[in-house]
Amino acid sequence: VTPRNSISALLLLTLFAVGCAGSQQVTSSDAPPTTEAPPETPAPVVTAPLPPPTVVAEVPASPGPEIDRALRSFLATRVALRAAPPTARQHGEAWLDVLYRLDDACLLQPVAGDLGAFVRARATLEVELEHDRRRRVALPPDLDERLKETLAAVDEGVDALQLIGAPGFLGPAPERTVASVVLRRPLPTMAVTSPFGPRTDPFSGHQRFHAGVDLGAKEGSMVFAAAPGTVVFAGWQGGFGRHVVVDHGGGIRTSYSHLQDLFVHTGQVVDGEDALGSVGNTGRSTGSHLHFAVTNAAGSFLDPLVVLDVPLTPTPVVKAASASASKSMKR
Ligand SMILES: [Zn+2]
C-alpha cells in the first residue's frame, strides 16, 4: 500500500463516515470533516465556493453497506443471545435496533449495487422472526407492526432498484455511444409537488428516500421523453403503475411513472418530441402526477431538477458495484 493510497483510503473512510452520520441532512459532500479544529487557527466557516455541478461523478453513501452492517451486528447479537438464556428485553432491544438501523438506511440514496443487501435484509428478518416464533420468544407487542413497516421500506428499495436494470427486467439497450446527454423537462409545464431526497412517505407517514421528483399535472397531459433514446421498459410495474424507462445512452436512463396511457412499447426508439404516455394516477399514487427519475451509469439516482438542461457526460464510474451497472456502461 503506497502512502498515496492509504491517504485516499483514509479520506474515503472519513467522507463515508460523514455521509453516514448525516443521513438526515444529505449535504454536498465536499465540506471538510470538522472533527477537531486545529489549536491556533479558529475553525473557519466554510467559505469555499461551491464546485461546478459534477452531478454524475458524485457517489454519496448508499443503503447497501449500512444494511449489511446492521444485519451483521443483529446476527452477532442473536448468536450471543442464544448462548445464554436471554431475557425478553434483550430480544426486543436487538430487534428494535436492527429495525431502526434498516429504516435509517432506507433514507439514503440507493444505487444498483444495493439490491443484494435489500434482499438479504428481507430474508434475514423473515428467517429470524420465524425462529423466534417457533421458540415462543416473548417479543415487543408492537414488533409486528414495526417489522411490517421496515419490510415495506425494504421492498420499496428493491422496487426502485429493479427500475434501473435488474437483470432480466429491462429490455436490452442498444450500444449507443453519446458524447453527452441533455435532459429536457418531460412536461411542458411543471409544478414540483414532492422533491428528490428523504421525505415523509404520503402512505405510511414514515421517512423514506424519494428517488425522483413528483410533478403535479392534469390527468391526460402528455409526457415527453426527456431526450432521444430507446424504450427499455413500457408496462405495469407494481407501485409505479404504468411505467416507462428510456435509455439515452452512456448509462443515462429516465423513468416516468403513474401514467394513465402508454403510447410506446419496449424497444421503440424515441426522440425528445415523442409523447411516451399521459399523466395519470396508476399504482401507488395519491393523485394525478408524474414521478420522474434519472439514473446514471453507476446505477445512482440523480436529482432530476439538478440535472435538467445540464449536459451529462457519461463518465465511466469504476466502482464495479454490480454486474448490471457495468454492463450498461459504454465507452
Ligand atoms: Zn414520486
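Note that residues are indexed from 1 along each chain, following the sequence as it is written. Reporting of local features is limited, given that this is a predicted model, to residues whose pLDDT is at least 70; pairs of side-chain atoms are given and counted only at 80 or more, and all residues count toward the totals for whole chains, interfaces and linings. Only hydrogens and water are set aside; all other atoms, that is, all heavy atoms of the structure, feed into the side-chain values.

Peer 1: Break down the pairing of strand S4 (residues 213-216) for me, citing the residues and quoting the values.
Peer 2: Should DSSP find at least two bridges between two strands, the strands are taken to pair. Segments assigned H or I by DSSP are reported as helices when at least four residues long, segments assigned E as strands when at least two residues long, and all are numbered from the N terminus. As paired strands, strand S1 (residues 191-194) and S4 are joined by three bridges and run antiparallel to one another. The residue bridging Ser-194 from the neighbouring strand is Asp-214, located in S4. Sheet topology note: the S4/strand S11 (residues 289-295) ladder contains four bridges and is antiparallel. Its bridge partner being in S11, Asp-214 is matched across the sheet by His-291.

Peer 1: Give a description of helix H3 (residues 88-105) that names residues and reports values.
Peer 2: Residue pairs spaced three or four apart in an α-helix point in one direction, given the helix's 3.6 residues per turn. Its 18 residues give H3 an end-to-end C-alpha distance of 26 Å, which sits within 8% of 26 Å, the value for a rise of 1.5 Å per residue. Burial classification: accessible surface area is computed with a 1.4 Å probe over protein chains only, and a residue below 20% of its type maximum counts as buried, one above 50% as exposed, and the rest as partly exposed. For H3, the full list of buried residues reads His-91, Gly-92, Ala-94, Trp-95, Val-98, Leu-99, Leu-102 and Ala-105. Projected onto a plane normal to the axis of H3, the buried residues spread over an arc of 160° and lie on a single side. The contact criterion used is simple: two residues touch if any of their non-hydrogen atoms lie within 4.5 Å. Summarising the contacts, the buried residues of H3 are in contact with helix H2 (63-83), helix H4 (115-134) and helix H5 (143-162). Between the first and last residue of a helix there are one fewer steps than residues, each counted as 1.5 Å, and that sum is the expected span. Here, the arc refers to the directions that run from the helix axis to the C-beta atoms.

Peer 1: Any details on the coordination of the zinc ion? Residues and values, ideally.
Peer 2: Listed donor atoms are N, O and S within 2.8 Å of the metal (Na, K and Ca: 3.2 Å). As water is not included, a site may look incomplete. The zinc ion binds to the protein through His-210 (NE2), Asp-214 (OD) and His-291 (ND1); the donor distances cover 2.0 to 2.2 Å. Site description for the zinc ion: donor spacing in sequence, H-x3-D-x76-H. Here His-210, found in strand S3 (residues 207-210), pairs with His-291, found in strand S11; they are 81 residues apart in sequence, far enough to count as distant. Here His-210 falls in the buried class, since its relative accessible area comes to 4%. Classification of His-291 by relative accessible area gives buried; the value is 8%.

Peer 1: Quick one: what's the story with the pattern of salt bridges, residue by residue and with numbers?
Peer 2: Salt bridges are identified by distance alone: a Lys or Arg side-chain nitrogen within 4 Å of an Asp or Glu carboxyl oxygen. In the structure shown here, the tally under the stated rule is 18 salt bridges. Between Asp-132 and Arg-78 there is a salt bridge, with its nearest N and O atoms 2.7 Å apart. Within this pair, whereas Asp-132 is found in helix H4, its partner Arg-78 is found in helix H2, the two being separated by 54 residues in sequence. Classification of Asp-132 by relative accessible area gives buried; the value is 1%. Linked through salt bridges whose partners overlap, the residues forming this network are Glu-149, Glu-156, Arg-208 and Arg-284.

Peer 1: Could you give an account of the pairing of strand S6 (residues 229-236), with specific residues and numbers?
Peer 2: With seven of eight residues buried, S6 lies mostly within the body of the structure. Bridge count for S6 against strand S9 (residues 269-270) is two bridges, and the pairing is antiparallel. Bridge pairing links Thr-230 to Val-269 in S9. The pairing of S6 with strand S7 (residues 242-247) spans six bridges and is classified as antiparallel. Looking at S7, one finds that Phe-233 is bridged to Val-245. With antiparallel pairing between neighbouring strands as the criterion, S6 and S7 make up a hairpin whose turn holds five residues, including Gly-238 at a positive phi of roughly 45°.

Peer 1: Residue-level account of H5, with values.
Peer 2: In this model H5 runs 28 Å from its N-terminal to its C-terminal C-alpha over 20 residues, within 8% of the 28 Å that 1.5 Å per residue would give. What H5 keeps buried is the set Leu-143, Leu-147, Glu-149, Thr-150, Leu-151, Ala-153, Val-154, Gly-157, Val-158, Ala-160 and Leu-161. Where H5 is buried, its residues meet H3, H4, S3 and strand S12 (301-302).

Peer 1: Could you give me a rundown of the nonpolar core, with the residues and numbers involved?
Peer 2: Counting residues in hydrophobic clusters, the biggest one holds 58 residues, and the most contacted among them are Val-98, Leu-183, Val-244, Tyr-256 and Phe-292. Here this core gets eight residues from one element, more than from any other, and that element is H5. Dropping the residues within four chain positions of it, Leu-183 is found in contact with Ala-226, Ala-227, His-248, Ile-252, Thr-254, Val-294, Val-307, Leu-308, Asp-309 and Leu-312. Only buried residues count toward a nonpolar core, which is a set of Ala, Val, Leu, Ile, Met, Phe, Trp, Tyr and Cys residues joined through side-chain atoms within 4.5 Å.

Peer 1: Explain the packing of aromatic side chains residue by residue, including any values.
Peer 2: Aromatic pairs are defined between Phe, Tyr and Trp rings, using the six-membered ring for Trp, whenever the two ring centres lie within 6.5 Å; interplanar angles under 30 degrees are classed as stacked, those over 60 as edge-to-face, and all others as tilted. What the rule picks out here adds up to three aromatic pairs. The interplanar angle of 90° and the centroid separation of 5.2 Å between the aromatic rings of Phe-196 and Phe-209 together place this pair among those described as edge-to-face. With a gap of 13 residues between them, Phe-196 in the loop between S1 and strand S2 (197-200) and Phe-209 in strand S3 connect regions that are remote in the sequence.

Peer 1: Describe unusual backbone geometry, naming the residues involved and giving the relevant values.
Peer 2: Backbone geometry at His-258 places phi at a positive 65°, although glycine is not the residue there. Its location among the elements puts His-258 in strand S8 (residues 253-262). Phi at Asp-309 takes a positive value of approximately 65°, unusual for a residue other than glycine. Among the structural elements, Asp-309 can be located in the loop between helix H6 (304-307) and helix H7 (323-327). Overall, the relative accessible area of 47% leaves Asp-309 in the partly exposed class.

Peer 1: Describe the environment of His-91, listing the residues and the values that go with them.
Peer 2: In this structure, His-91 sits in helix H3. Put simply, His-91 and Val-137 are 46 residues apart on the chain and 8.0 Å apart in space, counted from C-alpha to C-alpha.

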